[in-house]
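# A look at the structure
The residues making up each chain are set out below.
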Amino acid sequence: METVLVTGGSGYVGREVIEQLLQQGKQVTALVHHTPPDQDIPLIKADLTNAGELDQALAGKSFDWILHNASLPGDTGDPQEMVRVNVNGCLNLLEYARKTGVKRFVQISSISAYEWYPATKFCPPDYMPVDEDHPTRPRDMYSTTKRMQELLAMTYFHQYQLPTTALRLTAVVGPYGRGGGRGYREMAEQLAEGVRVQIPHFSAQELCHYVDVRDVARMEIAVCEQPKAAGEIFNCVGPAAVRGSDFVDIIQKLVPGIQAEFGFPWSMAQGGEIAFSMEKAKRLLDFVPRYTLEDSITSIVDWIKAGGLQKTRTASDGSYGSGVQNN
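A brief structural summary. Source: prediction; values computed, not measured.

About the thresholds
- Residues numbered from 1 in each chain as written.
- Predicted model: local features only at pLDDT ≥ 70, side-chain atom pairs only at ≥ 80, totals over all residues.
- Heavy atoms only, no water.
- Helix = DSSP H or I, 4+ residues; strand = E, 2+ residues; numbered from the N terminus.
- Rg over C-alpha atoms; globule rule 2.2 N^0.38 Å.
- Buried < 20%, exposed > 50% of the residue type's maximum accessible area, 1.4 Å probe, protein only.
- Contact = heavy atoms within 4.5 Å.
- Areas by Shrake-Rupley, 256 points an atom, 1.4 Å probe, with all protein chains shown as cover.
- Lys, Arg positive; Asp, Glu negative; His and termini not counted.
- Charge placed at Lys NZ, Arg CZ, Asp CG, Glu CD.
- Pairing = 2+ DSSP bridges.
- Right-handed = clockwise from strand over helix to strand, strands pointing away.
- Salt bridge = Lys/Arg side-chain N within 4 Å of Asp/Glu carboxyl O.
- Axes fitted to C-alpha atoms, helices over the stretch in contact; angles between N-to-C directions.
- Parallel < 35°, antiparallel > 145°, perpendicular 65-115°, else oblique.
- Left-handed = near helix turned anticlockwise from the far one by under 90°.
- Nonpolar A, V, L, I, M, F, W, Y, C, P; charged D, E, K, R; others polar.
- Expected span 1.5 Å × (residues − 1).
- Polar contact = N/O pair within 3.5 Å; in protein donor to acceptor, adjacent residues only side chain to side chain.

The helix and strand tally for the protein stands at nine helices and 13 strands. Whereas a compact globule of 327 residues would reach a radius of gyration of roughly 20 Å, the protein reaches 19 Å, a difference of no more than 12%. Expressed as a percentage of the 327 residues in the protein, the buried residues total 60%. Within the protein, contacts between residues at least 6 apart in sequence are counted, and of these 78% link residues at least 24 apart. When the accessible surface of the protein is totalled, it reaches about 13000 Å², and 48% of it is carbon and sulfur. Placing the 31 positive and 39 negative side-chain charges of the protein at their respective mean positions leaves the two points 2 Å apart.

On to the pairing of strand S6 (residues 164–169). Counted residue by residue, S6 has six buried out of six residues, so it is predominantly covered. Residue alternation in S6 divides its side chains into two sets, Thr 164, Ala 166 and Arg 168 and Thr 165, Leu 167 and Leu 169, and both sets are buried. In the sheet, strand S5 (residues 104–110) pairs with S6 via six bridges, with the strands oriented parallel. Note that in S6 the partner of Ser 110 across the bridge is Leu 169. Handedness of the crossover joining S5 and S6 through helix H4 (residues 141–160) is recorded here as right-handed.

Turning our attention to the pattern of salt bridges. The tally for this structure, following the rule as stated, stands at 17 salt bridges. Notably, a salt bridge pairs Arg 137 with Asp 126, separated by 3.1 Å at the nearest N-O pair. Here Arg 137 is found in the loop between S5 and H4, whereas its partner Asp 126 is found in the loop between S5 and H4, with eleven residues between them in sequence. Residue Arg 137 is classed as partly exposed on the basis of its relative accessible area of 31%. For Lys 280, the salt bridge is made with Glu 232, and the minimal N-O distance between the two is 2.8 Å.

Pairing between sheet strands relies on hydrogen bonds along the backbone, with the strands arranged either parallel or antiparallel. Ordered in space as S3-S2-S1-S4-S5-S6-S11, the seven strands form an open sheet in which the pairing is parallel. Since the sheet does not close on itself, it has two edges, and those belong to strand S3 (43–45) and strand S11 (232–236), each with one partner. If you compare each strand with its neighbour and ignore which way they point, the axes differ by 20° on average. Inspection of the sheet shows strand S1 (residues 3–7) paired to strand S4 (residues 65–68) by four bridges, in the parallel sense. Residue pairing across strands places Val 4 opposite Trp 65, the latter belonging to S4.

Time to look at the packing of helix H2 (residues 51–58) against helix H3 (residues 79–100). Contact geometry of H2 with H3 gives a least axis separation of 10 Å together with a crossing angle of 40°. With respect to each other, H2 and H3 are oriented oblique. Along this stretch, H2 crosses H3, giving a crossing that reads as right-handed. Side by side, H2 and H3 meet where Ala 51, Leu 54, Asp 55 and Leu 58 of the first sit next to Asn 92, Leu 93, Tyr 96 and Lys 99 of the second. Here the residues of the contact of H2 with H3 sort into five nonpolar, one polar and two charged.

This brings us to unusual backbone geometry. Of note, the amide linkage connecting Met 128 to Pro 129 takes the cis form, showing an omega dihedral of -5°. Unlike most non-glycine residues, Gln 161 shows phi in positive territory, near 60°. Looking at the secondary structure, you find Gln 161 in the loop between H4 and S6. Within the chain, Gln 270 stands out as a residue other than glycine whose phi angle is a positive 50°. Inspection of the secondary structure puts Gln 270 in the loop between strand S13 (259–261) and helix H8 (279–285).

Let's shift gears to H4. For H4, which comprises 20 residues, the first-to-last C-alpha distance of 27 Å matches the rise-based estimate of 28 Å (1.5 Å per residue) to within 8%. Among the residues making up H4, those that are buried are Tyr 142, Ser 143, Thr 145, Lys 146, Arg 147, Gln 149, Glu 150, Leu 152, Ala 153, Met 154 and Tyr 156. Against H3, S5, S6 and S11 lie the buried residues of H4. Its side-chain oxygen at 3.1 Å from the backbone nitrogen of Tyr 142, Asp 140 defines the N-terminal cap of H4. Following H4 by one or two positions, Gln 161 has its phi on the positive side, about 60°.

Shown next as structure tokens:
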């Protein structure tokens, strides 16, 4: 039975990863800085940015897999903080993995590593669908630090033979809405009111690509189980890109009568078009995303109906950043 260390376990993606690991009978431990995950599992408290504290907290422990989800969920406006948390934190954990002979280290990156981040002016891709060979041209601190995480992970693979894999996530959709998914909690609140909802597109024609949080967790586990994933970077996106008009149709099907509005501030394509390829994952991992955007929005609506919005809000591991809103 594999032993797994999950960072960012109280966050949006980390929660689902832990849930799926437990369902598969894995022995899961969460590394947290402040807030523990929802599940009752062993905890290790440490600040990833403090190498000495991290080494002390992990002394005498070893794991088969490390799934590194903890990261600032956006640009805090403090470049030193961005590097300290996203880059140095990743480096410190990679060093622990190297010293203890971890069998798989998974670094959660972002399609922002290519260059697309809502805070920067959108430039059309060189070609679509964008595959992993597309040039990377990050132009803001968030995107740059995600690319630096990837470079560190791949360096540890080539120089130290540590079996690392990086996943480039697009916008992740699902319930709970913590950390990087905090915008979807706001959407859930609007869906619950049933009057109006902002769609994360600038226009009806804008083409964006999403991924269900369940598929992200599935893929994190899949790359740990597949030897061919070592030393590779993969896109992690849903079955198909969708236009703003498609998003509206899904919302109004699930919440009849609600008024949909465009102009959500963190649209990745900012009115243009973006779509990504999952062919590499299919070819090397036999992995295919399972959940459509309609499945994702349905999961949010079902969560609302089950009383999810009434539960206490929990800060994710993104609480490192004083400039980051946590939900």
